[in-house]
Amino acid sequence: MTTPVSYSVNESVATITLDDGKVNALSPTMLATVNGALDQAEADISAGTVKAVVLAGNSRVFSGGFELSVFASGDPAAGLAMLTAGFELSVRALSFPAPIVMAATGPAIAMGSFLLLSGDHRVGSEKSRCQANEVAIGMTLPISAVEIMRMRLTRAAFSRAVSVAATFSGDAAIAAGWLDEIVDRDDVLGRAQAVAAEYAATLNLKAHVASKAKARASAIEAIRAGIDGLAEEFALTLK
């Protein structure tokens, strides 16, 4: 069985690529495998061989979000575990001991969009559609998702993203705070790796980590509070 995540290192940049051959659903297996790749990146950072990370989707999509079949399985514990793992992954990205550059050739939907927002720099294409689609499909946004969007989006975009599942693409995605830049679709990964290489060459990692920890402390505290309350939130959605 092939893994849905690959890991490679070029000079000081590690590239983690999600590719399940479909929409990169953040299933329990995908989440565990991404964390395994980040474990390897952390080991390489400690060894001094990696100084920045690129987290990329496949050639068509960044991620379509959680694996919905887990929620529909009738196993609330499995759904809760997947939710918890997804938002813990966002916290890990936000506090990672090196810069993380997100490479989104295509859509980032629901948990995929929250993961996108958890990077230090986000490169997209004209095909990058960013959306928290929960209210459009009958799901209430978890507090952790709300807090991730609150941290990164403009006030107007945040309101529309949460309440009406607004979709953002192109220049609107940059203006809203979903993306930092847009390049041609074929150039997304290369551009993300170039940005990561620049960070690797110019940033002091200790200062980088300490500074973003200060800047994101209140947001991460709010996201973690949401994670701690997921069991109650998830139980309420089952009534």
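For the structure itself, consult the block above.
Described below are features of the structure shown in this document. No experiment lies behind these values; they were computed from the predicted model shown.

Residues E126, D184, D186 and D187 make up a contiguous surface patch of negative charge. Judged by relative accessible area, which is 52%, D184 ranks as exposed.

Moving on, we come to the layout of surface pockets. The volume enclosed by the largest pocket comes to roughly 550 Å³. As for the largest pocket, its lining consists of 28 residues, of which F71, L83, E134, M139 and T140 are closest to the centre. Every element with two or more residues in the lining of the largest pocket is listed here: α2 (68-71), α3 (76-94), α4 (111-117) and α10 (230-237). Looking at the lining of the largest pocket element by element, the count peaks at four residues for α10. Each residue belonging to the lining of the largest pocket can be placed in one class, and the counts come to 18 nonpolar, seven polar and three charged. Put simply, the second largest pocket is a space of about 160 Å³. As for the second largest pocket, its lining consists of N10, E11, S12, V13, T15, Q193, A197, A200 and A201. Counting only elements with at least two residues in the lining of the second largest pocket, the list comes to β2 (13-18) and α8 (188-202). Considering every element that reaches the lining of the second largest pocket, the biggest residue donor is α8, with four residues. Of the residues belonging to the lining of the second largest pocket, the class tally is four nonpolar, four polar and one charged.

Before going further, it helps to spend a moment on the packing of α3 against helix α5 (residues 143-152). Relative orientation of the contacting elements α3 and α5 amounts to 30°, with a least axis distance of 10 Å. What the angle tells us is that α3 and α5 run roughly parallel. Handedness of the α3/α5 crossing: left-handed. For the pair formed by α3 and α5, the contact residues are F87, S90 and L94 on the first element and S144, A145, I148 and M151 on the second. For the contact of α3 with α5, the per-class residue count stands at five nonpolar, two polar and no charged.

A few words now on the packing of aromatic side chains. Per the stated rule, a full pass over the model turns up four aromatic pairs. With a centroid separation of 6.0 Å and an interplanar angle of 80°, the aromatic rings of F66 and F71 are classed as edge-to-face. Look at F66 and you get buried, because its relative accessible area is 11%. Here F168 and W178 contribute two aromatic rings whose centre-to-centre distance is 6.1 Å and whose plane-to-plane angle is 40°, an arrangement assigned as tilted. One end of the pair, F168, is in strand β8 (residues 167-168); the other, W178, is in the loop between α7 (170-176) and β9 (181-182), with ten residues separating them in the sequence. Each member of the pair F168 and W178 is classed as buried. Cluster of aromatic residues (ring-pair linked, three or more members): F66, F71, F87 and F114.

Below, the discussion takes up the pairing of β2. Burial of β2 is extensive: six of the six residues sit out of reach of the surface. In this structure, strand β1 (residues 5-10) lies alongside β2, joined through six bridges in antiparallel fashion. Bridging from a neighbouring strand, V9 pairs with A14 of β2. The hairpin turn running from β1 into β2, its antiparallel successor, is two residues long, and E11 in that turn takes a positive phi close to 55°. With five bridges connecting them, β2 and strand β3 (residues 52-56) associate as parallel partners. Bridge assignment links T17 to a residue of β3, and that residue is A56.

Cut-offs used in this document
- Residues numbered from 1 in each chain as written.
- Predicted model: local features only at pLDDT ≥ 70, side-chain atom pairs only at ≥ 80, totals over all residues.
- Heavy atoms only, no water.
- Patch = residues over 30% accessible without salt bridge, like charges linked within 9 Å, V, L, I, M, F, W, Y side chains within 5 Å.
- Areas by Shrake-Rupley, 256 points an atom, 1.4 Å probe, with all protein chains shown as cover.
- Salt bridge = Lys/Arg side-chain N within 4 Å of Asp/Glu carboxyl O.
- Lys, Arg positive; Asp, Glu negative; His and termini not counted.
- Charge placed at Lys NZ, Arg CZ, Asp CG, Glu CD.
- Buried < 20%, exposed > 50% of the residue type's maximum accessible area, 1.4 Å probe, protein only.
- 1 Å grid on protein atoms, 1.4 Å probe; cavity = no way out; pocket = protein on both sides within 12 Å on 5 of 7 lines; lining within 4 Å.
- Points joined across faces, edges and corners; volume = space filled by probe spheres on them.
- Helix = DSSP H or I, 4+ residues; strand = E, 2+ residues; numbered from the N terminus.
- Nonpolar A, V, L, I, M, F, W, Y, C, P; charged D, E, K, R; others polar.
- Axes fitted to C-alpha atoms, helices over the stretch in contact; angles between N-to-C directions.
- Parallel < 35°, antiparallel > 145°, perpendicular 65-115°, else oblique.
- Left-handed = near helix turned anticlockwise from the far one by under 90°.
- Contact = heavy atoms within 4.5 Å.
- Phe/Tyr/Trp six-rings, centres within 6.5 Å; stacked < 30°, edge-to-face > 60°.
- Pairing = 2+ DSSP bridges.

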